[in-house]
Amino acid sequence: MSVSRDFLRIFVWKPVRLAGCVLGAGLLAIVLLSAGERRIRAQGGAEVPPGQPTLEELHASMRPMTRSAAARTLEVLGAALGLDLAPKGKPGTRPSVEKREMFRLLKKDSLANWIGELEARPDDAEVAAPVPVQAFLAEHDEALGRFVAHLREHGEALEWEMDPADLPDSPLPNLVGILDAVRLLEAAPLEADRSGEASKARQSLEASFRLAESLERRPELITFLISLAIDGMHHVQVRRLRNPLEEWAARLGRRDLLVALRQALRMEALLIRDMSSSSRSDYGWLKPYVEFSLADAARRIDRVAFAHDRLTWESVQGNAESLWKNPCPRWNIVCRVGWPDFGSLPYRVVRRKLDREVTNLILRAKVRDLGSCAVDSRAAPGKALHLERLDGDHFEVEALVGLEEPHPDTICKLPLRFLGTRP
């Protein structure tokens, strides 16, 4: 029995032709997406301002990092204090279970809350550390002294791994451990200062500065955010220590925050762009679409990085996110779902610039015999900071910037009005 031509045409050739068309369209899409991804990579810096490197040039300029001897020694010294400073998932020296639990309870029950309260206080009135914190500092005085001495002598050599050829899989420093170390290095100088040990207090603060600077040498957005949090802790110490040094103002202002933010966002763009080549990635037949989507997302984040240069105090108030909302087109599902939340970054950075001005004026009022005066603000152009001398050695510093509307996802701790005392 022969098969009819109609049967072949309807039930065999049509499905074969349809499958061929679908396959051809798929292959064409793969070719076009791959070509588009290469084009975006090649032209990724087309909108970069003159004098700035493209993403490709920025990537090529990055150097590999390894965990330095100074970092490994810091792990050993930190372990004696209950601090875990070894990168997550990597071999290294970690504290014993007993030491780790001891510090965890100290942080949970006393240390973190006390530091948070100090950050929000609008004055430099003496506030003793909780008894458990005092006991810990006394018991670990020698171990903490070795930790501080190492940071002061070798802080510039602190470095952790980073492989520019595989950014998504490069390990981060132990950021939680570093934050814990800074909390301890905040408590130590405040207690030393309260006990009249000004030199010891200054050494602990210097060690904390060195540890923070090691993170500032990293390019990631998360390390930028952690370093910004540590910077806030340093403001607390500089505002409260009774025998400050005027040079601390330069230490707090050592980094252009807008430039640092731009670099961190561009690093985020590189990380997202290179996620398709990560060893953890397995996108199968969707790989061309994912690569094209990630390359497009990276280009859009790079635009945001340079848009931050135009920030003003007024533009970051409230929920002003017009520049930072997800700009991804509907076709780019990867970008629309995975776009990082940049909403609070502009406010955090401009607010910290204003914090610097307030702290600087507090420091000058403590170190110099300044009379009442007004100082123009650079963080909030058109606004001013006011210093008023009060009775005795007291003074008040206030940033006259009007009603502040913090971004909904942020909590302002450092006050813009502060009552201080001249030593």
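Above this text sits the structure in question.
Residues numbered from 1 in each chain as written. Predicted model: local features only at pLDDT ≥ 70, side-chain atom pairs only at ≥ 80, totals over all residues. Heavy atoms only, no water.

Please explain the overall build of the protein as it appears in this structure.
A tally of regular secondary structure across the protein gives 14 helices and four strands. By the burial criterion, 49% of the 423 residues in the protein qualify as buried. Across the protein, contacts joining residues at least 24 apart in sequence account for 74% of those joining residues at least 6 apart. Summed over its atoms, the accessible surface of the protein is roughly 20,800 Å², and 56% of this surface lies on carbon and sulfur atoms. (Helix = DSSP H or I, 4+ residues; strand = E, 2+ residues; numbered from the N terminus. Buried < 20%, exposed > 50% of the residue type's maximum accessible area, 1.4 Å probe, protein only. Contact = heavy atoms within 4.5 Å. Areas by Shrake-Rupley, 256 points an atom, 1.4 Å probe, with all protein chains shown as cover.)

I'm lost on the pattern of salt bridges in this one. Help?
Should the charged atoms of two oppositely charged side chains come close, the side chains can pair. Tallied over the entire structure, the rule returns 32 salt bridges. In this structure, D84 and R94 form a salt bridge, with 2.8 Å as the shortest nitrogen-oxygen distance. Note that D84 is positioned in the loop between α3 (69-79) and α4 (97-120) and R94 in the loop between α3 and α4, a separation of 10 residues in sequence. Linking R194 and E191 is a salt bridge whose minimum nitrogen-to-oxygen distance equals 2.9 Å. (Salt bridge = Lys/Arg side-chain N within 4 Å of Asp/Glu carboxyl O.)

I would appreciate a short explanation of the pairing of strand β2 (residues 384-389) in the present structure.
A regular strand carries its side chains on alternate faces of the sheet. Across four bridges, strand β1 (residues 373-376) lies against β2 in antiparallel orientation. Bridged to C373 within β2 is L387. As paired strands, β2 and strand β3 (residues 394-400) are joined by six bridges and run antiparallel to one another. The residue bridging E388 from the neighbouring strand is E396, located in β3. (Pairing = 2+ DSSP bridges.)

Whenever I open this one, the nonpolar core confuses me. Can you help?
The biggest cluster of nonpolar side chains holds 53 residues, and the ones touching the most others in it are F224, L265 and F342. Secondary structure elements with two or more residues in this core: α9 (221-240), α11 (257-273), α12 (287-307), α14 (345-367), β2 and β3. The element that contributes the greatest number of residues to this core is α11, accounting for 11 residues. With 52 residues, the next largest nonpolar core counts A71, L111, V133 and I230 among its residues. (Core = buried A, V, L, I, M, F, W, Y, C linked by side-chain atoms within 4.5 Å.)

Before we go on, may I ask you to explain the pairing of strand β4 (residues 417-421) in this structure?
Only one face of β4 is buried, namely the one carrying F418 and G420, since none of R417, L419 and T421 on the opposite face is buried. The pairing of β3 with β4 spans five bridges and is classified as antiparallel. Across the sheet, V397 pairs through a bridge with F418, a residue of β4.

Explanation requested: α9 in the structure shown.
Three- or four-residue spacings in an α-helix give side chains the same orientation, since the helix completes a turn every 3.6 residues. Here α9 contains 20 residues, and its C-alpha end-to-end distance of 29 Å stays within 8% of the 28 Å for a straight helix at 1.5 Å per residue. Counting buried positions along α9 yields 17 of 20 residues, so the element is predominantly enclosed. (Expected span 1.5 Å × (residues − 1).)

Could you clarify how one ought to interpret the layout of surface pockets in this entry?
Empty space among the atoms becomes visible once a probe the size of a water molecule is rolled across them. By volume, the largest pocket amounts to about 630 Å³. Along the wall of the largest pocket there are 22 residues; nearest its centre are E119, A229, R352, I411 and K413. Listed by contribution, the elements that provide at least two residues to the lining of the largest pocket are α4, α7 (175-194), α9 and α14. The residue makeup of the lining of the largest pocket, split by class, is 11 nonpolar, three polar and eight charged. (1 Å grid on protein atoms, 1.4 Å probe; cavity = no way out; pocket = protein on both sides within 12 Å on 5 of 7 lines; lining within 4 Å. Points joined across faces, edges and corners; volume = space filled by probe spheres on them. Nonpolar A, V, L, I, M, F, W, Y, C, P; charged D, E, K, R; others polar.)

Can you walk me through the packing of α4 against helix α5 (residues 131-139) in this structure?
Any two packed helices are characterised by how steeply their axes cross, that is the angle between the axes, and by the distance between the axes. In contact at an axis separation of 9 Å, α4 and α5 are set at 145° when each is read in the N-to-C sense. Both α4 and α5 take part in a crossing whose hand is left-handed. Only P132, V133 and F136 of α5 make contact with α4, whose side of the interface consists of M102, F103, L106, S110 and L111. Across the contact of α4 with α5, the residue classes break down as seven nonpolar, one polar and no charged. (Axes fitted to C-alpha atoms, helices over the stretch in contact; angles between N-to-C directions. Left-handed = near helix turned anticlockwise from the far one by under 90°.)

When you look at the packing of α4 against α7 in this model, what are you seeing that I'm missing?
Orientation of α4 relative to α7, taken along the N-to-C sense of each, is 60°, at an axis distance of 10 Å. Remark: the crossing between α4 and α7 carries left-handed chirality. Where α4 abuts α7, its residues F103, K107, L111, A112, W114, I115 and L118 lie against D180, R183, L184, E186, A187 and L190. Here the residues of the contact of α4 with α7 are counted per class, giving nine nonpolar, no polar and four charged.

Please clarify how the environment of L179 should be interpreted in this entry.
Within the secondary structure, L179 sits in helix α7. A sequence separation of 54 residues divides L179 from M233, and the C-alpha atoms of the two residues are 10.0 Å apart. Apart from residues no more than four positions distant in its own chain, L179 is found in contact with I226, I230 and M233.

Looking at this structure, I do not really get the side chain of S344. What am I missing?
Mapped onto the secondary structure, S344 falls in the loop between α13 (333-338) and α14. Taking the relative accessible area as the measure of exposure, S344 reaches 8% and is therefore buried. Each residue touching S344, except ones within four places of it in the same chain, is listed here: H407, D409 and T410.

Looking at this structure, I do not really get the state of the cysteines. What am I missing?
The bond known as a disulfide is covalent and runs between the sulfur atoms of two cysteines. One pass over the full model with this rule turns up one disulfide. Each sulfur in the disulfide pair C328 and C335 lies 1.7 Å from the other. (Disulfide = S-S within 2.5 Å.)

Without other data, these values stay purely geometric and don't point to any function.
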